[in-house]
Each structure stands twice: as structure tokens, then as C-alpha cells.
Amino acid sequence: MYKITFALLSGLLLASCQLEDWASPGALVPLTVDQDPDLPALAINGTLLHVQSYGASSDPLLVMLHGGPGGDFRSLLQARRFAEAGFYVVFYDQRGSGLSKREDKNRYEGADAVQLFIDDLDALISHFQIHDSQKVFLMGHSWGAMLAAGYINQHPGKISGAVLAEPGGFTWTQTGEYLSRSNSIRFFSEALNDAIFPEQILAGRSEHEVLDYKASFFSNYENAPGNVIGNAGPYPFWRNGAVAFEALIDNADRYGFDFTTQLHQFTPKVLFLYSEYNEAYGRQWAETVAAPFPHVEIKMIAQTGHEMLHFGWAGLYPVSLTYLNELK
Amino acid sequence: MNRSYLILLMSLLLTAQSELFAQEVNWRALDENANHLVSAAFGADYSSYYGVSYGYVLRTGRRPLVIGTEFTASFGREILDDWKWRTGIQAELWKSGAFSLALKPAFILRRYESPLARMYSAGTNVSLAFGHVKAAWGLTATAHYDRSFATHLKHGSLKESYPGIRDGWYGASGGNFKFGARAHWSPGSWNVFLHLGKQYGQDFQHNPTLPFFAELSVQKLLHARL
């Protein structure tokens, strides 16, 4: 018996010499713009962002802001269609997210971490806006809509209009209240197992590739059948920026934020969208979050959940286009 | 037979040949005729789970050894997509009066499946328990280290998101610690164990989403030969 055990152990050890490393670039998560020179990239504000643009550069600028933090713009790509309607559409993966260059956690640790994201957006707008009279619109989803509000709060005169799709909240307190509904734990659910069981296998590793891969399993939870936010299933993504997500949540928890202090100065109408199937949102929460804007139109997008720019595109596009054309 | 299945087969054989164990043991309640320990448990650590275990008491030396196996499966709609099979041996290394120090090394085989990916993972686990143990009750402090040394990945919808993702065998993926306290109460030939504690990633920085673990188990000592 001892000989058999020894032989089996030896075989297993021999095989283990050829095992792949979880952190190998490209093995489990895609390469980022600093690793793959073929990806479209823009060096801006001290980092390297994954950026794609569509349309004529002289048309009104429409900057798309993805959710997360730590998400990417892959699920928003149907918005390329706004280019056919006369907008210059710019997508970018936010700092440390998607296919943009990874950043060390300490890059997000100061009180100005959220400001870094606002400054990235400002630098991006300055890069693509070819003259001062070119109008700039923002379209943000979830965290991206929060970031849009944060930008408008600081630069109300630079933006001509905004489409905000289910921002959790415009203050950290408000966001926490929403998250407590949208991410409530269903303890005996398959969704919980699917999200966290791998944590005992991928445990205590600090490499970004490993953390990003592990974070991808969390999408099991938000997209599982019967999910609270009404998603129809998985939606496309490139990479979960685990470090950006965790660091920004920690940062918000420590320092808080308030994107509402100057929103009363923003005079253009805002289009505020919520989805029919997101049980954690609804008309009442939309009115609460949108309240600081002086002029706001609130609309429900039917037959979709939170990921309305992907699953609810057929309803979202005409509503958004009508609004943007009004302000164009 | 490709290398993936060979490694999986070897892991299974290793697990099976080392016979049984994993459940809790009240060393003071093991009388000379108690040969079999049968337990049922439920709890939560990296999922909510339920499980059964069997242990055989081996009396070859001065002190008994318990060799045993434990199978736990996660709650949820899919019954056997996520499970853990732990097999090993345990012994009381030291005792003085009611004080006891026990060691429990084990092999662990895990399976995980979701729409994103399927994993088979082989690993090892070492547990230490030190405390005040009497026949009727006891309280012990416990420490566990668990490390995965080989995992086979087969991706589902993650492959749609990233077609370049590589299936196959991956090496050591990290480890985790658990520190806790275990109380037992033993009426007659029954034992009831309550085990509570906190769990960490091995670097104590990247810690699990559920920071605490809890398990309640009920065990029957059987004297008859099975």
C-alpha cells in the first residue's frame, strides 16, 4: 500500500510541475492595453486607457460611462448606433478597469480617489472636444451615471445634457441604501454558491490577474435566475477590475462622497432612466436620486432590468435619441 | 487517457485509499467498544452546506486514531454541482487531565460548477484543536489551514466573454485559514458539536466574502461492527 501511495504521490507531483500559473498574463483574463499593443489606447492623466470612438469627430460628443466601479464598456457597445444619428460616440474603460491598464491599489487610497476618475473624464473630454462650441453629452450606467453626476457637479458648464441610467445614489449614504436592497444575500441560494464557492480554492492571492478572475464569479450572483435587479442573464464583459472595485468601495466607505452640492447649477434637462424589472430601484427611488437636478425627465425602460443598455436597448435607444436630439 | 483525467483519478484514489475521516471527535467519549462515528452536519463557510461523515476508530497503538471521510454539498437549486470531499486521519497528540491537543491532516477534493466554469480541485488541510475535553462536554480552540495544489478548469460562458481563456490544469492557487472555537455536548452515545469562527485568505489581506464560518453537527457512536 505504501508503494502504491508513493507512486501516486510521485505521479501527482510530476504532473504538478507542468501546471499552469493562475497569474499568467492572458491565461484567464484578457490582456490589457499595456500588454497588447493592438488594442486601441489613449495615454491620459498618468494612465493608459482602452478607448474606442465612432462617428465624425466634429459632431456633438457623447461620452459613454460604464458601471462598476471596475466594469467595462463592452455591454454598452450597442450605443455605437448614436454615431449614425450624428453623434461622436466615445467609449472608454475607466482607470484600472476592463482593458485599461491595471493600477496598484495604493493609487486609489487617498481622499481624492474619486477625483482621479473625474479628472480622467475631464482629460478625455478635453482630448476629444475639438472646439469649445462642440457640445458634450454624457451617458452613464449605474456607477457610470454616478460618475457623470460627480463630473457635472464640478463642471456644470462643460456638459450640455446627460442620460443617467439607474445610478445607485449621488452620495455614499444613498448608494449604501440602494446596495443593501440590490445586493441582499440570499443565503441558501444557488447564486450565492456560484459566486463565492471558488474563494476557498482561489484564496489569499494578491496578483491582479487572479483577483480579476475570481471577481468574475460574482457576476453569477447578480445575473442568476430570480435576481433582484432584474437582469435576464449574463451580459458581455472583458475584465472585472477587482482592485479598482474593491479600492473604490473601501475609499467611499472611508471618505464618503457627495455629488449633489452644485447640481442645482446645472440648467439643461437631464434624462433619468430606471428599469421595469429592477425591484431594488423603481420610480420612487428614481425621484429621490434625481431630486438635486433642477430639470429632470424620469422615464421607465420597459421589459428590462438594471443592465438596460444591453438587455433593454430596443426601449432605451429611441427615448435617449429623442432627448439627445432635443439638446443637440 | 489524457493527463487531466489521470490527475483526477490519482486524486480520487489517494482520497479513497486513505479511508475515512473528517468529522469532529470527542476523544473522551470513545469507549473501547465504539468503532464507528456517523455524523450529519450543516453550516456555512464558502457557501451554505449540508453533509454527512463516517469515521472508523482504529486501536493499534497506545491511543486511538480515527480515519474517516466527510462529504458536504452546497445548498441551492443544483444538488451536486458544488461539493467537498475530505478524507484523512486524526489523533490526540497530547493529553493531560481534561486538556487535549489533537491533529487532523486531510486530503480535500472539491468540485464547483456554475454557468461560468467548472473546477475540480485537489488540496490538503491541517487542523489543530486544543482545549478542555470531558466525556459530557468540552470547549476547544481550533486552527485550520487549507491549500489547493492542483485545479482543473473547464470554462463555460467565460469562454464566450474571452475566447482565449485557457482550460486545463492549474497549480497551487492559494490557501486559507480558519480560527474558531468548538463546543460539544455528549448525551449518551450522541455528540453534538457547534463550531464557530473566522476565516481568512492566507495573506490575511484578500479575505473571503463571508468572514465567519459556523457548523452544527450531530454524531452517533456505534458499538456494533458494521
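Scoring rules and cut-offs
Residues numbered from 1 in each chain as written. Chains lettered and ligands numbered in written order. Predicted model: local features only at pLDDT ≥ 70, side-chain atom pairs only at ≥ 80, totals over all residues. Heavy atoms only, no water. Phe/Tyr/Trp six-rings, centres within 6.5 Å; stacked < 30°, edge-to-face > 60°. Helix = DSSP H or I, 4+ residues; strand = E, 2+ residues; numbered from the N terminus. Buried < 20%, exposed > 50% of the residue type's maximum accessible area, 1.4 Å probe, protein only. Lys NZ or Arg CZ within 6 Å of the ring centre and 35° of its normal. Pairing = 2+ DSSP bridges. Axes fitted to C-alpha atoms, helices over the stretch in contact; angles between N-to-C directions. Contact = heavy atoms within 4.5 Å. Polar contact = N/O pair within 3.5 Å; in protein donor to acceptor, adjacent residues only side chain to side chain. Core = buried A, V, L, I, M, F, W, Y, C linked by side-chain atoms within 4.5 Å. pLDDT = per-residue confidence, 0-100. Patch = residues over 30% accessible without salt bridge, like charges linked within 9 Å, V, L, I, M, F, W, Y side chains within 5 Å. Areas by Shrake-Rupley, 256 points an atom, 1.4 Å probe, with all protein chains shown as cover. Salt bridge = Lys/Arg side-chain N within 4 Å of Asp/Glu carboxyl O. Expected span 1.5 Å × (residues − 1). Buried area = accessible area lost by both parts, 1.4 Å probe.

Caption draft 1: Representation of the packing of aromatic side chains. According to the stated counting rule, one finds 33 aromatic pairs over all chains in the structure shown. Ring geometry for Trp83 of chain B against Tyr120 of chain B: centres 6.5 Å apart, planes inclined by 65 degrees, an arrangement best described as edge-to-face. Note that Trp83 of chain B is positioned in strand β4 (residues 83–96) and Tyr120 of chain B in strand β6 (residues 117–133), a separation of 37 residues in sequence. Comparing Trp83 of chain B with Tyr120 of chain B, the two get one shared label, buried. When the ring of Phe177 of chain B is compared with that of Phe179 of chain B, the centres are 5.8 Å apart and the planes differ by 10 degrees; the resulting orientation is stacked. By way of ring pairs, the aromatic residues Trp22, Phe197, Tyr213 and Phe217 of chain A together with Tyr112 and Tyr170 of chain B are connected into one cluster. Directly above the aromatic system of Tyr221 of chain A lies the positively charged group of Arg186 of chain A, at a separation of 4.7 Å from the ring centroid.

Caption draft 2: Geometry of the sheet that holds strand β6 (residues 161–165) of chain A. All names here are of chain A. Spatial strand order, β1-β2-β4-β3-β5-β6-β7-β8: eight strands in an open sheet with mixed pairing. Edge positions in the open sheet fall to β1 (41–44) and β8 (296–301), since each of these has one partner strand only. On average, adjacent strands in this sheet sit at an angle of 25 degrees to one another, irrespective of strand direction. Where helix α3 (residues 143–154) meets the sheet, it contacts β3 (61–65), β4 (88–92), β5 (136–141) and β6, and its direction lies at approximately 145 degrees from that of β5.

Caption draft 3: Spotlight on the side chain of His66 of chain A. Residues and elements named next belong to chain A. Structurally, His66 is set in the loop between β3 and β4. Looking at His66, the relative accessible area reads 0%, which means it is buried. Separated by 2.9 Å, the side chain of His66 and the backbone nitrogen of Gln94 make a polar contact.

Caption draft 4: Structural detail: the nonpolar core. All names here are of chain A. Among the nonpolar cores identified, the biggest contains 61 residues, and Leu124 and Leu138 are the most heavily contacted of them. No other element matches the nine residues that helix α2 (residues 113–128) contributes to this core. Dropping the residues within four chain positions of it, Leu124 is found in contact with Leu42, Ile44, Leu49, Val51, Val63, Val90 and Tyr92.

Caption draft 5: Inspection of the confidence of the model for chain A at higher detail. Of all residues in chain A, 95% have pLDDT values of 70 or greater, and the mean over the chain is 93. Overall, residues 4–8 of chain A carries pLDDT values under 50, and its contacts beyond four positions in sequence, including any with other chains, amount to five contacts.

Caption draft 6: Broad picture of a nonpolar patch on the surface. Together, Phe42, Tyr50, Ile79, Leu80, Leu194, Leu196 and Leu216 of chain B make up an exposed nonpolar region whose accessible area comes to about 640 Å². Position of Leu216 of chain B among the secondary structure elements: in strand β11 (residues 212–222).

Caption draft 7: View of α2 of chain A. Taking 1.5 Å of rise per residue, the 16 residues of α2 of chain A would be expected to cover 22 Å, and the 23 Å separating its terminal C-alpha atoms lies within 8% of that figure. Where α2 of chain A is concerned, the buried positions are Ala113, Val114, Leu116, Phe117, Ile118, Asp120, Leu121, Asp122, Leu124, Ile125 and Phe128 of chain A.

Caption draft 8: Geometry of the confidence of the model for chain B. All names here are of chain B. A residue-level look at chain B finds 88% of positions with pLDDT of 70 or above and a mean pLDDT of 87. When pLDDT is averaged over each helix and strand of chain B, the minimum, 40, is found for helix α1 (residues 3–17) and the maximum, 97, for strand β8 (residues 168–170). Note on residues 1–22: pLDDT under 50 across the span, and 62 contacts to partners over four residues away in sequence or across chains.

Caption draft 9: A look at the interface of chain A and chain B. Taken residue by residue, the interface counts 47 residues in chain A and 58 residues in chain B. Around 4,700 Å² of area is buried between chain A and chain B when both sides are counted, 62% of it from carbon and sulfur atoms. At the surface where chain A touches chain B, the tally comes to one salt bridge. A salt bridge links Glu20 of chain A to Arg166 of chain B; the shortest N-O distance between them is 2.7 Å. Where chain A packs against chain B, one counts 23 residue pairs in polar contact (both at pLDDT 80 or more). Taken together, the elements giving at least two residues each to the side of chain A that touches chain B come down to α1 (2–16), α5 (190–196), α6 (208–216) and α7 (219–223) of chain A. If you tally residues by element for the side of chain A that touches chain B, the top one is α1 of chain A, at six residues.

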